[in-house]
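Structural description and commentary
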Amino acid sequence: MYRIIKVLNNNAVLAWNKERKKEQILLGNGIGFGKRPGEESGPIKDAKVYSLVTRRTQVSALKVVNGIRPVYLEAAGKILDEAETVFAKVSHDNLLPLADHIALAAKRAEEKKSIPNPFTPDIKVLFEEEYRIAKKGREIIREMTGQEITDDEVGFIALHVHSARSDEKVSETLENTRIINQSIRMIEEYFGIRLEQESLGYNRMMSHIYYMLARIRKGEPVKADLNEFVKVKYEKEFESAEKICQWIAGEMKKEVPEEEIGFLAIHILRVVNKEV
């Protein structure tokens, strides 16, 4: 059972879930039409239900809802719907953070302002499906608000989509992307080359470092040790990997298992030698 708290528009209502004892946002075509605050209702047919979770500290979810135009909530809901057609699991807890970002992005577009996202090329590689969904999100935002957001904003929305499918905070994903980006730059500097971003080896390298960071955060060990073999046979690649792992340990303030060095060195070997 729901008790209507506020009708946001014809397609969105804020309601109290009596069973779960918490506020929720319900989105769906026409579900708000004719509804009034205080009215009680059973399950609303075809309504998508979203929890009120905000990433802003010391700001209530209700305050965020009241500060966001309903059209941005609807746009966020449609983007999460797109994500659900691709991924098996998409969290509905990400509606408010995504809507909040869309509202800010649309405002920047209206004011002809932009914020740079230096990691957009990396996001495209690391989170290809999420970026594709975010590009559809740009079309949704254009149709619903009339504002055209930039490629950099699409990159940020892709991070929100990734957060919804992985439960990884957007800030953590962005930090991982920064570390991966700098690791790639360190490889290029060490070998005096420019890596081909479109190559399969480059994609594999970025994915490897991403999952390596996840293992480090969780304290998960690597199940095999290639260090002795790689150190002897591929000395330069091993030395490069060792420097990167030392740098990552400092950035993350976590110990990087020595076994990670050998695995990273193998990926460096592949990308430097343009092996696929």
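It should be noted that the structure appears before, not after, this text.
Every value quoted in this text rests on a predicted model; they were computed, and no experiment measured them.

**A few points about the overall build of the protein**
Secondary structure assignment for the protein yields eleven helices and five strands. Residues classed as buried in the protein amount to 47% of the 276 residues present. The contacts of the protein with a sequence gap of at least 6 include a subset with a gap of at least 24, amounting to 65%. Seen as two clouds, the 44 positive and the 44 negative side-chain charges of the protein have centres 6 Å apart.

**Here we look at a negative patch on the surface**
A contiguous patch of negative charge on the surface is contributed by D225, E228, E255 and E258. Of note, E255 is situated in the loop between α10 (235–252) and α11 (259–272).

**Describing helix α7 (residues 170–191)**
Between the first and last C-alpha of α7 there are 32 Å, a value that for 22 residues agrees with the 32 Å anticipated at 1.5 Å per step. Those residues of α7 not exposed but buried are V170, T173, N176, T177, I179, I180, N181, S183, I184, I187, E188 and F191. In this structure, the buried residues of α7 make contact with α4 (120–126), α6 (151–166), α8 (200–218), α10 and α11. Two residues or fewer after α7 comes G192, characterised by a positive phi angle close to 65 degrees.

**A closer look at the packing of aromatic side chains**
A full pass over the atoms with the stated rule returns four aromatic pairs. With centroids separated by 5.2 Å and ring planes inclined at 85 degrees, the aromatic side chains of Y210 and Y211 adopt a geometry described as edge-to-face. For Y210, a relative accessible area of 9% translates into the label buried. Residue classification places Y211 among the exposed positions, given a relative accessible area of 52%. Taken together, F127, Y210 and Y211 form an aromatic cluster joined through their ring pairs.

**Focus: unusual backbone geometry**
Backbone geometry places K21, a non-glycine residue, at a positive phi of 55 degrees. Its location among the elements puts K21 in the loop between β2 (12–17) and β3 (22–27). For K21, a relative accessible area of 61% translates into the label exposed. For D46, which is not glycine, the phi torsion reads 65 degrees and is therefore positive.

**Comments concerning the packing of α8 against α11**
Packing of α8 against α11 brings their axes to within 9 Å, and their N-to-C directions diverge by 165 degrees. In terms of orientation, α8 and α11 fall into the roughly antiparallel class. The two elements α8 and α11 cross, and the hand of that crossing is left-handed. From α8, G201, Y202, R204, M205, H208, I209, M212 and R215 reach across to α11, where they touch E260, F263, L264, H267, I268 and V271. Taken together, the residues of the contact of α8 with α11 sort by class into eight nonpolar, three polar and three charged.

**With respect to α10**
An ideal rise of 1.5 Å per residue puts 26 Å on 18 residues; α10 measures up with 26 Å between its terminal C-alpha atoms. Residues of α10 that are buried include every one of E237, F238, S240, A241, I244, C245, I248 and M252, and no others. Within α10, the buried residues cover an arc of 160 degrees as seen down the axis, which keeps them to one side. Facing away from the buried side of α10 by more than 90 degrees, the exposed set consists of E235 and Q246. Residues of α10 that are buried in the fold lie against α7, α8, α9 (227–233) and α11. Once α10 ends, the next one or two residues include K253, with phi positive near 55 degrees.

**Thoughts on the packing of helix α3 (residues 95–110) against α6**
For the pair α3 and α6, the least separation of the axes is 10 Å and the interaxial angle reads 175 degrees. By the angle class used here, α3 and α6 are roughly antiparallel. Within the contact between the two elements, α3 uses P97, L98, H101, I102, A105 and R108 and α6 uses E153, F156, I157 and H160. Of the residues in the contact of α3 with α6, the class split is six nonpolar, two polar and two charged.

The rules we used
Residues numbered from 1 in each chain as written. Predicted model: local features only at pLDDT ≥ 70, side-chain atom pairs only at ≥ 80, totals over all residues. Heavy atoms only, no water. Helix = DSSP H or I, 4+ residues; strand = E, 2+ residues; numbered from the N terminus. Buried < 20%, exposed > 50% of the residue type's maximum accessible area, 1.4 Å probe, protein only. Contact = heavy atoms within 4.5 Å. Lys, Arg positive; Asp, Glu negative; His and termini not counted. Charge placed at Lys NZ, Arg CZ, Asp CG, Glu CD. Patch = residues over 30% accessible without salt bridge, like charges linked within 9 Å, V, L, I, M, F, W, Y side chains within 5 Å. Areas by Shrake-Rupley, 256 points an atom, 1.4 Å probe, with all protein chains shown as cover. Salt bridge = Lys/Arg side-chain N within 4 Å of Asp/Glu carboxyl O. Expected span 1.5 Å × (residues − 1). Phe/Tyr/Trp six-rings, centres within 6.5 Å; stacked < 30°, edge-to-face > 60°. Axes fitted to C-alpha atoms, helices over the stretch in contact; angles between N-to-C directions. Parallel < 35°, antiparallel > 145°, perpendicular 65-115°, else oblique. Left-handed = near helix turned anticlockwise from the far one by under 90°. Nonpolar A, V, L, I, M, F, W, Y, C, P; charged D, E, K, R; others polar. Arc of directions from axis to C-beta.

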